[in-house]
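Overview (structure and organization)
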Amino acid sequence: MGRLSSSKKIKFKYSKKLFSNTLTYNVSLTMNFAITVFCILLITLYIIGNYQDFQDENQQWILSVLSFAAIFNSLFSIVLAVETGIKIFTEKHKIKNIFNMLVLLASAVFCIFCTGTSNIISYISGGIK
């Protein structure tokens, strides 16, 4: 009973379907989207702060947080876009990866624009020293 006969070998069946996106890639895309939304919320908060007469220190703080978040997100988007570019050439799901690549590049361009704009506004609001 303990022995298997040679005619009855155990065969393991593996699925041949390869998953296009790993968990880390999906989490990274979600995090990128969340930080992009965070940058949009900071821009909105800065604009509302101009009309609500926020203190100058608070406005400077919002601009600095926006700048740092946008720098991080633009670098993160570029790294994910390179990974997605590699996936375009190595995997079968090209349309989904091309869409991800376009979204990541748009996020990178938006965050680079946010970084430049927030730094210019911060510099101008500092006044002549």
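The sections below set out a description of the structure shown in this document. (Residues numbered from 1 in each chain as written. Predicted model: local features only at pLDDT ≥ 70, side-chain atom pairs only at ≥ 80, totals over all residues. Heavy atoms only, no water.)

**Quick look at the overall build of the protein**
Scanning the protein for helices and strands turns up 3 helices and 0 strands. Secondary structure elements of the protein, listed N to C terminal, follow the sequence α-α-α. Burial status across the protein gives 30% buried among its 129 residues. Put simply, of all contacts in the protein between residues at least 6 apart along the chain, 75% involve residues at least 24 apart. (Helix = DSSP H or I, 4+ residues; strand = E, 2+ residues; numbered from the N terminus. Buried < 20%, exposed > 50% of the residue type's maximum accessible area, 1.4 Å probe, protein only. Contact = heavy atoms within 4.5 Å.)

**Description of the pattern of salt bridges**
Counting across every chain of the model gives 1 salt bridge. Of the charged contacts in the structure, one is a salt bridge between Lys87 and Glu91, with a shortest N-O distance of 3.7 Å. Its relative accessible area of 8% is what places Lys87 among the buried residues. On the basis of relative accessible area, Glu91 is assigned to the partly exposed category, the value being 22%. (Salt bridge = Lys/Arg side-chain N within 4 Å of Asp/Glu carboxyl O.)

**What to know about the nonpolar core**
In this structure, Cys39, Leu42, Tyr46, Ile62, Leu63, Leu66, Ala69, Ala70, Cys111 and Cys114 together form the largest nonpolar core, which totals 10 residues. Broken down by secondary-structure element, the contributors of at least two residues to this core are helix H1 (23-51), helix H2 (56-90) and helix H3 (94-126). Sorting elements by how many residues they give to this core places H2 first, with 5 residues. In this structure, Ala70 is in contact with Cys39, Cys111, Cys114 and Thr115, ignoring residues within four places of it in sequence. Formed by 8 residues, the second largest nonpolar core is a distinct cluster that contains Leu29, Leu80, Ala81 and Leu104. (Core = buried A, V, L, I, M, F, W, Y, C linked by side-chain atoms within 4.5 Å.)

**With respect to a nonpolar patch on the surface**
Judged by side-chain polarity, Ile78, Val82, Ile86 and Ile112 come together as a nonpolar surface patch covering roughly 370 Å² of accessible area. It is H2 that provides the largest number of residues to the nonpolar patch, a total of 3 residues. Among the secondary structure elements, Ile78 is positioned in helix H2. Classification of Ile78 as partly exposed rests on a relative accessible area of 40%. (Patch = residues over 30% accessible without salt bridge, like charges linked within 9 Å, V, L, I, M, F, W, Y side chains within 5 Å. Areas by Shrake-Rupley, 256 points an atom, 1.4 Å probe, with all protein chains shown as cover.)

**Quick word on the packing of H1 against H3**
Axis separation between H1 and H3 bottoms out at 11 Å; the angle between their running directions is 35°. For the pair H1 and H3, the crossing hand works out as left-handed. Of the residues in H3, those touching H1 at Tyr25, Leu29, Asn32, Thr36, Cys39, Ile40, Ile43 and Tyr46 are Asn100, Leu104, Ser107, Phe110, Cys111, Cys114 and Ile121. (Axes fitted to C-alpha atoms, helices over the stretch in contact; angles between N-to-C directions. Left-handed = near helix turned anticlockwise from the far one by under 90°.)

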